[in-house]
Each structure stands twice: as structure tokens, then as C-alpha cells.
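# Structural description and commentary
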Amino acid sequence: MMLRSEFFTFCHWRLLKKCLQNSLILTKGYRRNITHLRRTASKQLWLKQNYPACLSLPLIFYRKVSTLGQKSDESKLIKVLGIETSCDDTGAAVVDGFGNILGESLNQQTLTHLKTGGIIPNVAKEIHADKIESVVQEALRNARVDLMDVDGIAVTVKPGLVMSLRVGLEHAQKLAHITSKQLIPIHHMEAHSLTARMISSIPFPFLVLLTSGGHCLLALARGVEDFQMLGTTQDVAPGEAFDKTARELKLNTIPDLKSVCGGAAVERMAERGDPDSFPPVHVMTSRANCNFSFTGLKIAALRMILAEYERQGIPEEEVLPNAPDLCAWFQYNVTYHLARRLQRAFIFTELQGLIAENKTLVMSGGVASNMYIRTCLQKVCGMYGYRLVCPPQHLCTDNGIMIAWNGVEKIMAGKDCFQDPYTLQAQARACFGEDISHQVTNSSIRLPKLKIS
């Protein structure tokens, strides 16, 4: 048996005290030591057999007792189940306070949506609904834990496709209601931002660049729920621009690229291409901020592709012979745009004294899986004394692991997560921390020349 400090507040305190007088040692502040059940026993069954009155008591608040912001050995014993359904991947995982991935499961819809040329929300929702139960059960089974063994259930509630979010949220609400576990609402972008802290020691504050098919933002992470946004995309996300370019180049007709997303297809083709085959396209060069824009790059790529089809006299249903060069050129333009905004963020944080030491940039999101982009941005980080940290590629895309870890971080930071699970709602849009992008603009930072390759 093992003792663990926990903090409980119940409505019917006197009745609980009477029921558990042989199991609790009361101390000041309602703290008490509770003898833990053996992992192989069902906690719910044990309570029912030994303290049936407890099952009717409404639990109002639950929190691990640990020094806020510190990861004590005891607090690391917690386990959290994470559920992710914000877009087209159904993910679930169990993660502990040490960052160990005890078990995971992921069902991807990539092949389904490749056939339709994009994600159809109601189709994604139906697949989520069909897979959510089995995915969660497989994650628990792989972790070799029972649902009653986890300390909380974390679920993505914002932002994302509302129909997809609701599937995961409703399933998590059901589990929380049945088990009386705390339900931890997770902001999808915050989870991406903190994933790297699961695999590497990264103290706050640090910069984070999130790039995916639905988002592109640059922010300063100051705490588990404390972010300041320096810039975000003004139109489309880079992942969308990659996917559109891949479709225009008919890369999905190439046998080796049929089963991969557009961004991965462009990256593979670019390995054999020359980015200098066409004149570079630089966007937002006169705007002294950290915002992004990829519509211009997407349109420029479309025009270049159409011009090449006309110049070479090739039917548009065929793949251009110089498609690798076009991919390398487009990939370079996207990377350069990211690098220039990042360059300004480095200078801004230096001028404002926002990061004094341990300068770190965390890059995550689906586009962060691109190794060419990683390599180029690593060079930019080196120029300004920053360390670049990227999660492994399988953690850059959507998954249940990052949701579970964000739940762990919230519990260890002492965030009050417990609430009536049915008060939570899915949100398609959500702000990401405090927007201080205007401060970047007001700084009027002029950038020195930059060469990334």
C-alpha cells in the first residue's frame, strides 16, 4: 500500500467523515492521507462494498496537493486520459506525470479525405462517432489501466470543427459522469504548445511557433495557461497552402504519394528539386509585424503551375516533369516567410526583455514535421542564440498524447479543473492568450538580410 496526499471537499462533510472515519486522517485545511487501493481492484466496486453512502455524495472539488508549479515525485504519479477529436483524427492516450506514454491509440482519416480532396465535416464526425469508443478502450488497454485508475479525463473542447469536437466532448462527459472523475477542458493550440515539455526540460517563458493545416501562430508561452500572441495568419494556414499546391500538381496520382497528405507529398518531391529554378516570392515585406499570410504564396504557385503546363504543352491531368522544382520552390517560399516573422519575434523579445535566459523556440503542428523547414529555422535560431525544440513527428500532428499531457500539466500546476462536465461546450473558434501583436507593430523593427539556404 502507498500513501498519497489528496484534497477533497464534499457537500455532506459530516456524513463522509462518519463513513470514512477509519480511513482518513484529518489535518488542517481538510488535507488527509488516503490509503490507495491496489491497482488491480476496482475503486468503484470497493467503495460500493465498503462505503455505499459515499456513492451518493456530490464531489464538488478535487485537486492534488502539491507545491504549485513544482513536479514533486508524488504528483508525478498521476495519470490522465486524453481524448482528441478536433479535426479528422480520433486519438486517445494515457500519460503520467513523468511524461511516460502508458498507452495510446489513433485512428486517422487521411485516406478517406484524400479521396474527396479535403475534409468534409459531417463525414469526419461520423467516423469519429464510429471509432471513439474503440479508440479510448484500446488506449486504456495498451496502458494496462482501468478507467477508475486515471486521475482525470482531458478532452479537446476548442478550437476545431464543432461537429468533430462534440463527439469527443460528449464521450468524455459520459465517462466523467460515470466515474466521477474530473473533466479537464483543453485548448487545442495550448496542448500543441506544451507537448515539447513532455520530452524535454523547457522552463517558462519560451517562444512557440504552431504551424498546421488550420493554424499558424507565433506566441510567447509564460505558463500552462498563460500565453501572449505575437502574430497569427491573416488568411489561410500553411498546411492548406501545401495541400492546395499538391492537388494542383496532381501529386496524388503518383503511386508512392497516394497515401500521404499534400504537405508530405510536396516535401518528398522537393528533395529532388531546385528551389532556385523560379524567382522567389516574398510576401508582407513592408509590414513590420509577426503576422503571416499564405494566400499570396498559394496563388503564386497556382499561376506558376498553370504557366508551366501551358509552356510545356502537357495535359493538366498529367504530372509536370519539373514538379520537383516547383515543390522545392514553393517550400522555400513558405519557409522564408516563416523565418522572417520568426526573426522579428526574436528581436522583439530581446528588446522587451521577455526571455532573459534559456532562450527556446518550440515548433509544433503538422507542418512542423517538414524536415526542410526544421533545418532552415534551426539556422535562424542559431543566429539569435535560441534552441529549437520540436516534438517527434508523430507528436506534431493531432493526437491524444498531447491532450493527456496538457491535462497532466494543469493538474500539477494546481489548476482547478473539476466542474459539472455537462457545462462544457465545444467551440469552433477561441482566442489564444493575450494578443500583443500591436506591440510588435509599434516597435517598427527593421529586419537585417536573411539567408536560410
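Our subject is the structure listed above.
Residues numbered from 1 in each chain as written. Predicted model: local features only at pLDDT ≥ 70, side-chain atom pairs only at ≥ 80, totals over all residues. Heavy atoms only, no water.

## So, the overall build of the protein chain
When its secondary structure is counted, the protein chain shows 14 helices and 15 strands. Here the protein chain holds 453 residues, and the buried ones make up 54% of them. In the protein chain, once contacts between residues fewer than 6 apart in sequence are set aside, the share between residues at least 24 apart is 75%. Within the structure as shown, the protein chain displays about 20700 Å² of accessible surface, and the carbon and sulfur contribution to it stands at 50%. (Helix = DSSP H or I, 4+ residues; strand = E, 2+ residues; numbered from the N terminus. Buried < 20%, exposed > 50% of the residue type's maximum accessible area, 1.4 Å probe, protein only. Contact = heavy atoms within 4.5 Å. Areas by Shrake-Rupley, 256 points an atom, 1.4 Å probe, with all protein chains shown as cover.)

## Let's talk about the sheet that holds strand β5 (residues 79-84)
Sheet strands associate in pairs through backbone hydrogen bonding, adopting either a parallel or an antiparallel arrangement. Read from one edge to the other, the open sheet built from 5 strands follows the order β7-β6-β5-β8-β9, with strand pairing classed as mixed. In the strand order of this sheet, the two ends are held by β7 (101-108) and β9 (182-187), each with one partner. Across the sheet, the mean angle separating the axes of adjacent strands is 20 degrees when strand polarity is ignored. Taken together, the 6 bridges between β5 and strand β6 (residues 89-96) define a ladder with antiparallel strand orientation. Looking across to β6, one finds that Lys79 is bridged to Asp96. Along the sheet face, helix α13 (residues 400-412) touches β5, β6, β7, β8 (152-158) and β9 and points at about 135 degrees away from the line of β5. (Pairing = 2+ DSSP bridges. Axes fitted to C-alpha atoms, helices over the stretch in contact; angles between N-to-C directions.)

## Looking at helix α7 (residues 238-248)
Among all positions of α7, only Pro238, Gly239, Ala241, Phe242, Thr245, Ala246 and Glu248 are buried. As for α7, its buried residues are in contact with β10 (206-211), β11 (216-223), α8 (262-270), α9 (295-312), α10 (323-352) and α11 (371-383). Within two residues after α7, Lys250 carries a phi angle of roughly 60 degrees, on the positive side.

## Some points on the pattern of salt bridges
Evaluation of the coordinates by the stated rule reveals 8 salt bridges. Residue Glu225 is joined to Lys410 by a salt bridge in which the shortest nitrogen-to-oxygen separation is 3.3 Å. Taken together, the positions of Glu225 in the loop between β11 and β12 (226-232) and Lys410 in helix α13 put the pair 185 residues apart, joining distant regions of the chain. For the salt bridge of Glu240 with Lys298, the shortest nitrogen-to-oxygen distance reads 3.6 Å. With Glu240 in helix α7 and Lys298 in helix α9, this residue pair connects regions lying 58 residues apart in the sequence. You can call Glu240 partly exposed: its relative accessible area is 34%. Among the residues examined, Lys298 registers a relative accessible area of 18% and is labelled buried. (Salt bridge = Lys/Arg side-chain N within 4 Å of Asp/Glu carboxyl O.)

## A short note on the packing of aromatic side chains
Across all of its chains, the model carries 8 aromatic pairs by this definition. Consider the rings of Phe278 and Trp329, whose centres lie 5.9 Å apart with planes at 65 degrees: the pair is edge-to-face. Residue Phe278 is located in the loop between α8 and α9, and its partner Trp329 is located in helix α10; the two are separated by 51 residues in the primary sequence. Residue Trp329 is classed as buried on the basis of its relative accessible area, which comes to 1%. Here the aromatic residues Phe346, Tyr384 and Tyr386 are joined through ring pairs into a cluster of three or more. (Phe/Tyr/Trp six-rings, centres within 6.5 Å; stacked < 30°, edge-to-face > 60°.)

## So, the sheet that holds strand β13 (residues 360-364)
The strand order β14-β13-β10-β11-β12-β15 describes an open sheet built from 6 strands, whose pairing is mixed. The sheet is open, and its two edges are formed by β14 (387-389) and β15 (434-435), each paired on a single side. Of the pairings in the sheet, the one linking β10 to β13 comprises 4 bridges and is parallel in character. Looking at β13, one finds that Leu209 is bridged to Met363.

## Brief notes about the packing of α9 against α10
Their axes nearest at 11 Å, the elements α9 and α10 cross at an angle of 165 degrees. Relative to α10, the element α9 lies roughly antiparallel. For the element pair α9 and α10, the recorded crossing hand is right-handed. Residue-level inspection shows Leu297, Lys298, Ala300, Ala301, Met304, Ile305 and Glu308 of α9 in contact with α10, the latter providing Leu326, Trp329, Phe330, Asn333, Val334 and His337. Classifying every residue of the contact of α9 with α10 by side-chain character gives 9 nonpolar, 2 polar and 2 charged. (Parallel < 35°, antiparallel > 145°, perpendicular 65-115°, else oblique. Left-handed = near helix turned anticlockwise from the far one by under 90°. Nonpolar A, V, L, I, M, F, W, Y, C, P; charged D, E, K, R; others polar.)

## Some points on the nonpolar core
Judged by nonpolar contacts, the single largest core of 69 residues is most densely connected at Leu207, Leu230, Leu251, Phe294 and Leu361. Among the elements of the structure, β10, β11, α7, α8, α9, α10, β13 and α11 are those that each provide at least two residues to this core. The element contributing the most residues to this core is α10, with 16 residues. With residues up to four places along the chain from it excluded, the contact list for Leu361 reads Leu207, Val208, Leu209, Leu342, Phe346, Cys381, Tyr386, Arg387, Leu388 and Val389. Counting residues in hydrophobic clusters, the runner-up holds 25 residues, among them Ala92, Leu147, Val167 and Leu183. (Core = buried A, V, L, I, M, F, W, Y, C linked by side-chain atoms within 4.5 Å.)

## Some thoughts on the packing of α7 against α8
One can describe the packing of α7 onto α8 by two numbers: an axis separation of 7 Å at closest approach and a directional angle of 65 degrees. Relative to α8, α7 is oriented roughly perpendicular. When you trace α7 past α8, the crossing you get is left-handed. In this structure, α7 uses Phe242, Asp243 and Ala246 to contact α8, whose residues at the interface are Gly262, Gly263 and Val266. Counted by class, the contact of α7 with α8 contains 3 nonpolar, 2 polar and 1 charged residues.

## Re unusual backbone geometry
In the segment running from Lys158 into Pro159, the intervening peptide bond is cis, with an omega of -25 degrees. Its place among the elements puts Pro159 in the loop between β8 and α5 (162-179). With omega at -5 degrees, the peptide bond leading from Phe204 into Pro205 counts as cis. Tracing the chain through its elements places Pro205 in the loop between α6 (188-194) and β10. Look at Asn358: it is not a glycine, yet its phi comes out positive at around 50 degrees. Inspection of the secondary structure puts Asn358 in the loop between α10 and β13.

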